[in-house]
Amino acid sequence: DAGITQSPRHKVTETGTPVTLRCHQTENHRYMYWYRQDPGHGLRLIHYSYGVKDTDKGEVSDGYSVSRSKTEDFLLTLESATSSQTSVYFCAISESETGGPYSNQPQHFGDGTRLSIL
Amino acid sequence: QKEVEQDPGPLSVPEGAIVSLNCTYSNSAFQYFMWYRQYSRKGPELLMYTYSSGNKEDGRFTAQVDKSSKYISLFIRDSQPSDSATYLCAMSVYGNKLVFGAGTILRVKS
């Protein structure tokens, strides 16, 4: 298994509260990603990082922010959680073969965080 | 129209059958193709990774890419109940983000 740990694994919270999800890797990979997975939509990219302090938006970034202060940790924050953000969140990592913002190397996933916002 | 289309299933087969899972895509620039397997309440696990066209085999799994038809396939030989999972295809253009299909649910009955 790729050395990826997501925490917490489950969380229930209320609308309007801030929520932070953590992804920790032990592979020293440069690229890290946050996805959400919803029925009928598959995996959708929220934000990604191509190095420490280097992050960018994905296709569904509204309402989310990220931070990466160390190679091994990538944090996803919901500033003010809404019910539409109830989902399963996955972190992924990949190696780099270029210096660009995207890696074409395969991504390896953690086991996800199930987030319910009531 | 989605960039990557995948029949959601479920696809039910008896144990030992040959399974064919497929994805079609619209962007002819896709070059990197992947298949992931996802068990319930787990993250996607990489099964196959191919570049450009052709076949790739790994044990009971064979991945095929037909760029002229914009169609990729994953074949599973001698399917087992442990193969029951959701299978996701994914693809990308060089230097761009990975695009996923929505997944096909496979059930292998013993």
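On a predicted model such as this, the values are computed, not experimentally measured, just so you know.

### Section: the interface of chain B and chain A
Between chain B and chain A, the residue contacts involve 22 residues of the former and 22 residues of the latter. When chain B packs against chain A, close to 1800 Å² is buried across both sides, 54% of that on carbon and sulfur atoms. Counting the surface chain B buries against chain A, the share from its top three residues, Arg 41, Lys 97 and Phe 100 of chain B, is 29%. With a shortest N-O distance of 3.1 Å, Lys 42 of chain B and Asp 111 of chain A are connected by a salt bridge. Those elements that provide at least two residues to the side of chain B that touches chain A are strand 4 (32-38), strand 5 (45-51) and strand 9 (85-92) of chain B. Counting residues per element, the side of chain B that touches chain A draws most heavily on strand 4 of chain B, which supplies 4 residues.

### Quick word on the packing of aromatic side chains
Going through the model one piece at a time under the given rule, you end up with 13 aromatic pairs over all chains. Measuring from ring centre to ring centre gives 6.5 Å for Trp 34 of chain A and Phe 74 of chain A, while their planes differ by 35 degrees; the resulting arrangement is tilted. One end of the pair, Trp 34 of chain A, is in strand 4 (residues 31-38); the other, Phe 74 of chain A, is in strand 8 (residues 73-78), with 40 residues separating them in the sequence. Its relative accessible area of 0% is what places Trp 34 of chain A among the buried residues. By relative accessible area, which is 0% here, Phe 74 of chain A ends up buried. Where Tyr 35 of chain A meets Phe 109 of chain A, the ring centres are 5.6 Å apart and the plane angle is 45 degrees; that geometry is what we call tilted. One end of the pair, Tyr 35 of chain A, is in strand 4; the other, Phe 109 of chain A, is in strand 10 (residues 108-109), and 74 residues separate them in sequence. Given a relative accessible area of 9%, Phe 109 of chain A falls into the buried group. Pairwise contacts between aromatic rings join Tyr 33, Tyr 35 and Phe 109 of chain A together with Tyr 36 and Phe 100 of chain B into one cluster.

### Describing the pattern of salt bridges
All chains considered together, the criterion is met by 9 salt bridges over all chains. Between Glu 45 of chain B and Arg 37 of chain B there is a salt bridge, with the nearest N and O atoms lying 3.1 Å from each other. Glu 45 of chain B gets classed as partly exposed once you look at its relative accessible area, which sits at 34%. The network of salt bridges with common partners includes Arg 22, Lys 70 and Asp 73 of chain A.

About the thresholds
Residues numbered from 1 in each chain as written. Chains lettered and ligands numbered in written order. Predicted model: local features only at pLDDT ≥ 70, side-chain atom pairs only at ≥ 80, totals over all residues. Heavy atoms only, no water. Contact = heavy atoms within 4.5 Å. Buried area = accessible area lost by both parts, 1.4 Å probe. Salt bridge = Lys/Arg side-chain N within 4 Å of Asp/Glu carboxyl O. Helix = DSSP H or I, 4+ residues; strand = E, 2+ residues; numbered from the N terminus. Phe/Tyr/Trp six-rings, centres within 6.5 Å; stacked < 30°, edge-to-face > 60°. Buried < 20%, exposed > 50% of the residue type's maximum accessible area, 1.4 Å probe, protein only.

These figures capture arrangement, not role.
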